[in-house]
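Next come the chains, spelled out residue by residue.
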Amino acid sequence: MKRLLIGIGLLFSSLVLAQNSIISSYHPYPKAKKIPVQSCKSNATGFSCPHGRVLVRRTAMGEQQITLDIFGQRLPIRFETMPNFVSDVWNSDLNQDGKADLIIKISWGGNGIIADGNLTVFALSSAKGHKLSTLDMVTFDPNALIFLRGKPVVLHTALVFADSRRTGRTHSFWVFHPLEIRGSVLLKNQSPIWIQYTTKPSHGRTNKLTALEKQAALKADLIAFFTPMR
């Protein structure tokens, strides 16, 4: 019941923050330099980018089929369970090697705060062509792409409930894992940042949880990071 009530509260607070993205409202590094991106244009066949395209079609059974065509390389994007639709595609040089990369956001759809749940595919350039990595996130937009200490980073987002002995209550938190973009891979080599989810934007780290309480909450939540393709 406690988590149900919190969920109802999150629905109302999400309405308050509807005009802003969740990431910008709770960004752990609000003053960080952003990685420049360019939105790709949607068309009848999918999305067209300056350096590639994303082809989207539906089979007779209604299954969504997605293919990335970049620098002449055609890469199918298939998962065991496919999200509902490709919502956005961006063009960028994420790994700073001078060659274009693509970001493909495939959304599950829904209502309330979970409406932006998605699998976001990162097509990162390498000497042998582009390689795909997919992050499973509660929300994603270009505000998650930043430089930290001069290195390009994507912030993985998760919404976690945790019990606090200090307050004697259960609270909800945005947990941001900075993933370094190094070459054609995403590296999970930094500690997560916890910011309490409140009705007003906030960028401050929480002091309501101990390290052990954070560990227990993460273990119970079973956060997904990378989703394999089939």
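The rules behind each value
Residues numbered from 1 in each chain as written. Predicted model: local features only at pLDDT ≥ 70, side-chain atom pairs only at ≥ 80, totals over all residues. Heavy atoms only, no water. Helix = DSSP H or I, 4+ residues; strand = E, 2+ residues; numbered from the N terminus. Rg over C-alpha atoms; globule rule 2.2 N^0.38 Å. Buried < 20%, exposed > 50% of the residue type's maximum accessible area, 1.4 Å probe, protein only. Disulfide = S-S within 2.5 Å.

**Student:** Is there a simple way to explain the overall build of the protein in this structure?
**Tutor:** Regarding its fold elements, the protein presents 3 helices and 15 strands. Here the C-alpha atoms of the protein give a radius of gyration of 18 Å, agreeing with the 17 Å that 2.2 N^0.38 yields for 230 residues. In terms of overall dimensions, the protein has a C-alpha envelope of 55 × 45 × 30 Å along the principal axes. Taken across its 230 residues, the protein has 47% of its residues classed as buried.

**Student:** How do you make sense of the state of the cysteines when you look at a structure like this?
**Tutor:** Applying the stated criterion across every chain yields a total of 1 disulfide. Between the sulfur of Cys40 and that of Cys49 lies a disulfide, 2.1 Å long from S to S. In this structure, the disulfide formed by Cys40 and Cys49 twists by about 115° around the S-S bond and is classed as right-handed. A single burial state applies to Cys40 and to Cys49, both of which are buried.

**Student:** Could you clarify how one ought to interpret unusual backbone geometry in this entry?
**Tutor:** The bulk of non-glycine residues show a negative phi, and the bulk of peptide bonds are trans. Of note in this structure, Phe71 is not a glycine but carries a positive phi near 50°. Inspection of the secondary structure assignment puts Phe71 in the loop between strand E5 (64-70) and strand E6 (73-77). The phi dihedral of Arg149 falls on the positive side, at around 50°, and the residue is not glycine. As for its position among the elements, Arg149 is in the loop between strand E11 (145-148) and strand E12 (151-164).

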